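Summary of structural features
Okay, here's what each chain looks like letter by letter:
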Amino acid sequence: MEKIYKKNDSFVNLKIKEKNNEDVEQNAINAIEEFSDYFKKDSEKKILSSVLNDLRSTDNTENKFNIKINVKKEIEGLTGINICKYLIHRYRYEIFPAKYEIDKYPPYLQIEPTSTCNYRCVFCYQTDNVFNKKSNGFMGHMALDMFKKVIDQAENNVEFISIASRGEPLMCPDIIPMLKYTSGKFLNLKLNTNASVLDEKKIHAILEGGVKTLVFSADAAEPESYSKLRVNGKLETVLKNIKKFKEIKEKNYKDSKIITRVSGVKVSNDQNIDNMETFWGDVVDQVAFVDYVPWENVYDSRETKINKPCSDLWRRMFVWWDGKINPCDVDYKSDLEVGNINDSDLSKAWTSNAYKKLRENHLNNLRKNIHPCNKCAVI
């Protein structure tokens, strides 16, 4: 039987240091009851009503909205009307893809500051020498003006943002002003980094910017295992940098509610979540493993027999360093490109005919005719 990767349920393990001291569900219900009248759009009112009904219900119906443990920690950092705003966008992220619904903007946007990376992780497409060779045109850094353009379009329209995609974002020359430009603009902005080039200036930029969740990508608790998986990386360096982040945060940003997580790709049974928690638990808030999906070179993979539509076509959109807009990062060479931010905008791309045709083909069991969707295990 073929292994299927569910993008909306990717945690294999998740350990959270602090227990939830609040009744988050009840706080969410209270916020909706108090602030729902502030929302004027019928679409927002409809979502809040659905969230309220689902949170009150004890039935386990299909596509029921619930608040998962990682989501609880994100909501704990919010108050009042912002809880309602968060719930609207979380519903769009979780339930719209399950029902194959869209509105004017993607529920989730990933912005790529750079496609370059100093690692060659064994499970990553950076090991593809066609992709990582600069002369082939895939490698580059996003211009600051383009980044600002994307952020300006996303603000008040997309609340779930990731600063990350095919490369190591902290290697972008303009990453410090980029991070500072996000300050106060999004309810749920995430930054993924291998932490190898994390330094004091970048730490301050992260803590002064809009990052709400900082994910350190690490897959092991032993130096040898780490180096085998994260080729070119050293566990000692990464640990030192993450400790420095914690030190600066506790000294200079005591009121910061940023969530820190070490998250690894689970590629073998040798990786143990308890060992990870023991090693990393004192320096971050959460430790996790996500499931491994074979995407390091999807173009050379064998075709699958999966016909179920890929939910990410209704969940997220990518803007890469050169402006290309892509529906996923498994297709890391952009065979499925749906536009370019230089001659379009986020809403036009998300609702474009190219995107619409791709979704329709998936719904009509024609995934097998789309390359590289026919070789991908994500649903």
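Summary of the structure given here. This structure is a prediction, so every number in the text was calculated from the model and none was measured.

**A short note on the packing of helix α3 (residues 69–76) against helix α4 (residues 81–99)**
Running from amino to carboxyl end, α3 crosses α4 at an angle of 155 degrees, the nearest separation of the two axes being 10 Å. Taken together, the axis directions place α3 and α4 in an arrangement best described as roughly antiparallel. When the axes of α3 and α4 are compared, the crossing they make is right-handed. On α4, the residues that touch Val-71, Glu-74 and Ile-75 of α3 are Ile-83, Tyr-86, Leu-87, Arg-90 and Glu-94.

**Some remarks on the side chain of Arg-261**
When you line up the elements, Arg-261 lands in strand β6 (residues 259–266). Put simply, Arg-261 is tucked away with no salt bridge, and the nearest opposite charge, on Glu-74, sits 4.7 Å away. Apart from residues no more than four positions distant in its own chain, Arg-261 is found in contact with Phe-11, Leu-14, Thr-213, Leu-214, Val-215, Phe-216, Val-284, Gln-286 and Ala-288.

**Section: the packing of aromatic side chains**
Within this structure, the stated rule accounts for 16 aromatic pairs. Ring centres 5.9 Å apart and planes at 75 degrees place the aromatic pair Tyr-125 and Phe-131 in the edge-to-face group. Here the two residues Tyr-125 and Phe-131 agree in accessibility, since each one is buried. Grouped by ring-pair contacts, the aromatic residues Tyr-125, Phe-131, Phe-138, Tyr-299 and Tyr-332 constitute a single cluster. Sitting above the plane of the Trp-350 ring, Arg-359 keeps its charged end 4.4 Å from the centroid. The side chain of Arg-359 reaches across the aromatic face of Tyr-355, ending 4.1 Å from its centre.

**Details of the pattern of salt bridges**
All told, the structure shown has 18 salt bridges when counted by the stated rule. Two residues, Glu-94 and Arg-90, come together in a salt bridge whose shortest N-O distance is 3.4 Å. Of this pair, Glu-94 and Arg-90 both sit in helix α4, 4 residues apart, which is roughly one turn of that helix. Each member of the pair, Glu-94 as well as Arg-90, carries the same accessibility label: buried. Residues participating in the shared-partner salt-bridge network are Glu-74, Arg-90 and Glu-94.

**So, empty space enclosed by the protein**
This structure, assessed with the given rule, holds 3 cavities of 30 Å³ or more. Looking at the largest cavity, its volume works out to about 110 Å³. Considering the residues around the largest cavity, the lining is formed by 13 residues, among which Cys-310, Cys-328, Leu-336, Cys-373 and Cys-376 are closest to the centre. Looking at the lining of the largest cavity, its residues break down into 10 nonpolar, 1 polar and 2 charged.

**Concerning the sheet that holds strand β9 (residues 324–326)**
Across the sheet, 10 strands lie side by side as β1-β7-β6-β5-β4-β3-β2-β8-β9-β10; this open sheet has mixed pairing. Strands with a single pairing partner mark the edges of an open sheet, and in this sheet they are β1 (11–16) and β10 (339–340). Judged from the 4 bridges that link them, strand β4 (residues 188–193) and strand β5 (residues 213–217) form a sheet pairing that is parallel. Directly across from Lys-190, in β5, lies its bridge partner Thr-213. Packed on one face of the sheet, helix α5 (residues 144–154) meets β2 (108–111), β3 (160–163) and β8 (316–319) and runs near 170 degrees to β2. Contacting β1, β6 and β7 (286–291), helix α10 (residues 273–280) runs over the sheet at an angle of about 145 degrees to β7.

**Observations regarding the pairing of β6**
Among the 8 residues of β6, 8 are classified as buried, and the element is accordingly described as predominantly covered. Note: β5 against β6, 5 bridges, orientation parallel. Counted as the bridge partner of Phe-216 is Val-262 from β6. Taken together, the 6 bridges between β6 and β7 define a ladder with parallel strand orientation. Its bridge partner being in β7, Val-265 is matched across the sheet by Val-290.

**Considerations on the side chain of Arg-230**
Relative to the elements of secondary structure, Arg-230 occurs in the loop between α8 (223–229) and α9 (235–252). When its relative accessible area of 8% is taken as the criterion, Arg-230 is described as buried. Side-chain polar atoms of Arg-230 contact the side chain of Asp-219, separated by 2.4 Å. Arg-230 has contacts with Tyr-119, Cys-121, Phe-123, Ser-217, Ala-218, Asp-219 and Val-265, leaving out every residue within four places of it along the chain.

**Topic: the packing of helix α2 (residues 42–56) against α4**
Relative to each other, α2 and α4 sit at 80 degrees, their axes nearing to 9 Å. Taken together, the axes of α2 and α4 lie roughly perpendicular to each other. Contacts between α2 and α4 involve Glu-44, Ile-47, Leu-48, Ser-50, Val-51 and Asp-54 on the former and, on the latter, Cys-84, Leu-87, Ile-88, Tyr-91, Arg-92 and Phe-96. In the contact of α2 with α4, the residues fall into 8 nonpolar, 1 polar and 3 charged.

Rules and cut-offs
Residues numbered from 1 in each chain as written. Predicted model: local features only at pLDDT ≥ 70, side-chain atom pairs only at ≥ 80, totals over all residues. Heavy atoms only, no water. Axes fitted to C-alpha atoms, helices over the stretch in contact; angles between N-to-C directions. Helix = DSSP H or I, 4+ residues; strand = E, 2+ residues; numbered from the N terminus. Parallel < 35°, antiparallel > 145°, perpendicular 65-115°, else oblique. Left-handed = near helix turned anticlockwise from the far one by under 90°. Contact = heavy atoms within 4.5 Å. Buried < 20%, exposed > 50% of the residue type's maximum accessible area, 1.4 Å probe, protein only. Lys, Arg positive; Asp, Glu negative; His and termini not counted. Salt bridge = Lys/Arg side-chain N within 4 Å of Asp/Glu carboxyl O. Phe/Tyr/Trp six-rings, centres within 6.5 Å; stacked < 30°, edge-to-face > 60°. Lys NZ or Arg CZ within 6 Å of the ring centre and 35° of its normal. 1 Å grid on protein atoms, 1.4 Å probe; cavity = no way out; pocket = protein on both sides within 12 Å on 5 of 7 lines; lining within 4 Å. Points joined across faces, edges and corners; volume = space filled by probe spheres on them. Nonpolar A, V, L, I, M, F, W, Y, C, P; charged D, E, K, R; others polar. Pairing = 2+ DSSP bridges. Polar contact = N/O pair within 3.5 Å; in protein donor to acceptor, adjacent residues only side chain to side chain.

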